[in-house]
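Architecture at a glance
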Amino acid sequence: MRLYNTLTRQVEPFAPVRNNTVRMYTCGLTVYARGHIGNFRTFVGVDVLRRALKYVGGFQMHHVMNFTDVDDKTITGAEKAGLPLREYTDQYIQAFREDALALGIEPVEDTPRATDPENLQAMADMIKQLGEHGHTYQTDGSIYFKIATLPTYGKLARLDHEGIQAGARVDSDEYDKENARDFVLWKATKPGEPTWDVGCGPGRPGWHIECSAMALRLLGESPIDIHTGGVDLVFPHHENEIAQSEGATGKEFSKFWFHIEHLLVDNQKMSKSVGNVYTVQDVLDRGFRLSALRYILLSAYYRKQLNFTWVGLEQAEESLRRITDFLGRVGGLSGGVAHVEVATRVAEAVQRFDAALADDLNTAAGLGELFDLIRALNIAMDARQVGEADAPGIQAAFDHFDQVLGVLSLRHAEEATPPIPQAEIDAGIEARQDARRRRDFAEADRIRQELLDKGVILEDGPKGTRWKRR
Ligand code: AMP
Ligand code: ZN
């Protein structure tokens, strides 16, 4: 596989540093709000990377994705809500897990929380190590990283050293490139803020140290193989992660840096601070299925910005339907021998799909191959040049595509899940049967229509009434 590496600004061959297991870290959600679909562009993108590494690259994964459950935003949010920090963040972690599952995101091997005691301890240990290497200083109980002590500081973001203000400090978690300064590792206790005493004096960690410590604690010796996140994390977050990890260990932190471009709305970044966000629930409320959302999020090349529109979501729904209609047609083939030409065409498509994914995760090109195959096989089916015996090979190819894309399996799961509670459907079917027994057909039709309005189609058969999704 080849991947674009933000560190070198080049597409490079990828292989894990150690054996066949990819050790990958993803900066997870800051849990002060429900994740929006911009966040999920990044998480779906990372999921496609993970799946491609497994199912195209043939690697095993040790993938860590954290929850940032202590930082400036979570503390402010908990204070406003009048809840203990951990309880406040719990609800958004739960919501993230539900949304991720509903979007077909594979569970990863480790999902640490920054406030887990072993992680806080790892942060304190790293800060101590940085101190021993002369990279820190203390002011008013807070500990800072002195960027002038690390000549390589700025290598990821390509900072111009002239612009760096030596000696100036910054306490907030987020700031821009023009304000590159000594950043905070450990913040002294402030009234009303949560505080821990794990060896750095009473206080709480800065955002950046959290990821460095969790990545190295869980993934082991550096360098790790890939570090991932959205492009907005390049500076300062990832630059500071490099400074901390490399300053502490003296070794390279991560071989690859993988960044996903933003999801936009009206050509502006989707972000909570702008207020132009949609959540997974908003998408469902508009009557769309999440398989269509997943499709749209992964259909564009991850290094290109993607403008979100509802029309785009309708088109994604249509593209998905084209695939499922085609597979339905293949499933309905009856009789006929296998054709060498079909097998060859299918094998070619699989090979080209894999090549597209292996070429810096080019999902757009991969989907192009998939639709070319559909077009070719539809023509062949029209000409009766595809037999029932060809169907398993075609199905296997689409199963392979979907190992990476994860949209068809999601669609199947959605089809099997009723749009309203099962008990409501059962009660409706029973009431309708009662009405029919009474020969009250108007009432029976009314119940059928009521369920139909809720997306449930009733079908009467020899074994009674069954339902399916509209
Ligand atoms: P946060 O919760 O702000 O730390 O963000 C979680 C992840 O979502 C990070 O990797 C961000 O880079 C990413 N992210 C935030 N907004 C967007 C967006 N509009 N498009 C793509 N990724 C985003
Ligand atoms: Zn991070």
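Some words on the site of ligand 1
Close to ligand 1 lie 17 residues, the nearest being T30, T42, D232, L263 and M270. Contact between ligand 1 and T42: a nitrogen atom at 2.7 Å from a side-chain N or O atom of the residue. Within the backbone of L263, a nitrogen or oxygen atom sits 2.8 Å from a nitrogen atom of ligand 1. Protein contact buries 94% of the 490 Å² of open area that ligand 1 shows by itself. Looking at the shell around ligand 1, the elements that each hand over two or more residues are α1 (37-55) and β10 (224-230). Broken down by element, the shell around ligand 1 gets its largest block of residues, 4 residues, from α1. Residue composition of the shell around ligand 1, by class: 5 nonpolar, 9 polar and 3 charged.

Observations concerning the coordination of the zinc ion (ligand 2)
The zinc ion (ligand 2) binds to the protein through C27 (SG), C211 (SG) and H237 (NE2); the donor distances cover 2.0 to 2.2 Å. Each donor residue of the zinc ion (ligand 2) belongs to the same chain, and together they define the spacing C-x183-C-x25-H. In this pair, C27 sits in the loop between β3 (21-26) and α1 while C211 sits in helix α5 (residues 207-219), placing the two residues 184 residues apart along the sequence. Accessibility expressed as a relative area gives 0% for C211, which makes it buried.

Description of helix α6 (residues 234-249)
Compared with the 22 Å implied by 1.5 Å per residue over 16 residues, the 21 Å span of α6 between its first and last C-alpha is a close match. Following α6 by one or two positions, G250 has its phi on the positive side, about 75 degrees.

Considering the pairing of strand β6 (residues 142-145)
Neither face of β6 is exposed, since S142 and Y144 on one face and I143 and F145 on the opposite face are all buried. In the sheet, strand β5 (residues 136-139) pairs with β6 via 4 bridges, with the strands oriented antiparallel. Across the sheet, the residue bridging to Q138 is I143, located in β6. Here β5 folds back onto β6, and the loop between the two strands holds 2 residues, one of which, D140, carries a positive phi near 50 degrees. Judged from the 3 bridges that link them, β6 and strand β8 (residues 182-188) form a sheet pairing that is antiparallel. Paired with Y144 across the two strands is V184, which belongs to β8.

Considering the domain arrangement of the protein chain
Here the protein chain is partitioned into domain 1 (2-260), domain 2 (310-415) and domain 3 (422-469). On a C-alpha basis, the centroid separation for the pair domain 2 and domain 3 is 35 Å.

Overview of the pattern of salt bridges
The full count for this structure, using the stated rule, is 37 salt bridges. As a salt-bridge pair, E252 and K255 come within 3.1 Å of each other at their nearest N and O atoms. Residue classification places E252 among the partly exposed positions, given a relative accessible area of 29%. A single salt-bridge network, built from bridges that share partners, covers D69, R86, D90, R113 and D116.

Details of unusual backbone geometry
Cis geometry marks the peptide bond from S222 to P223; its omega dihedral reads 0 degrees. Counting through the fold element by element, P223 comes out in the loop between α5 and β10. A cis amide bond links F235 with the next residue in sequence, P236, at an omega value of 0 degrees. Assignment of secondary structure puts P236 in helix α6. Although it is not a glycine, D360 adopts a positive phi angle of roughly 55 degrees. Relative to the helices and strands, D360 is located in the loop between α10 (340-358) and α11 (363-382). Under the relative-accessibility criterion, D360 is labelled buried at 1%. The residue L361 is not glycine, and still its phi comes out positive at about 55 degrees. Assignment of secondary structure puts L361 in the loop between α10 and α11.

Rules used in this analysis
Residues numbered from 1 in each chain as written. Chains lettered and ligands numbered in written order. Predicted model: local features only at pLDDT ≥ 70, side-chain atom pairs only at ≥ 80, totals over all residues. Heavy atoms only, no water. Near = heavy atom within 4 Å. Polar contact = N/O pair within 3.5 Å; in protein donor to acceptor, adjacent residues only side chain to side chain. Areas by Shrake-Rupley, 256 points an atom, 1.4 Å probe, with all protein chains shown as cover. Helix = DSSP H or I, 4+ residues; strand = E, 2+ residues; numbered from the N terminus. Nonpolar A, V, L, I, M, F, W, Y, C, P; charged D, E, K, R; others polar. Donors = N, O, S within 2.8 Å, 3.2 Å for Na, K, Ca; no water. Buried < 20%, exposed > 50% of the residue type's maximum accessible area, 1.4 Å probe, protein only. Expected span 1.5 Å × (residues − 1). Pairing = 2+ DSSP bridges. Domains from an automatic or database assignment. Salt bridge = Lys/Arg side-chain N within 4 Å of Asp/Glu carboxyl O.

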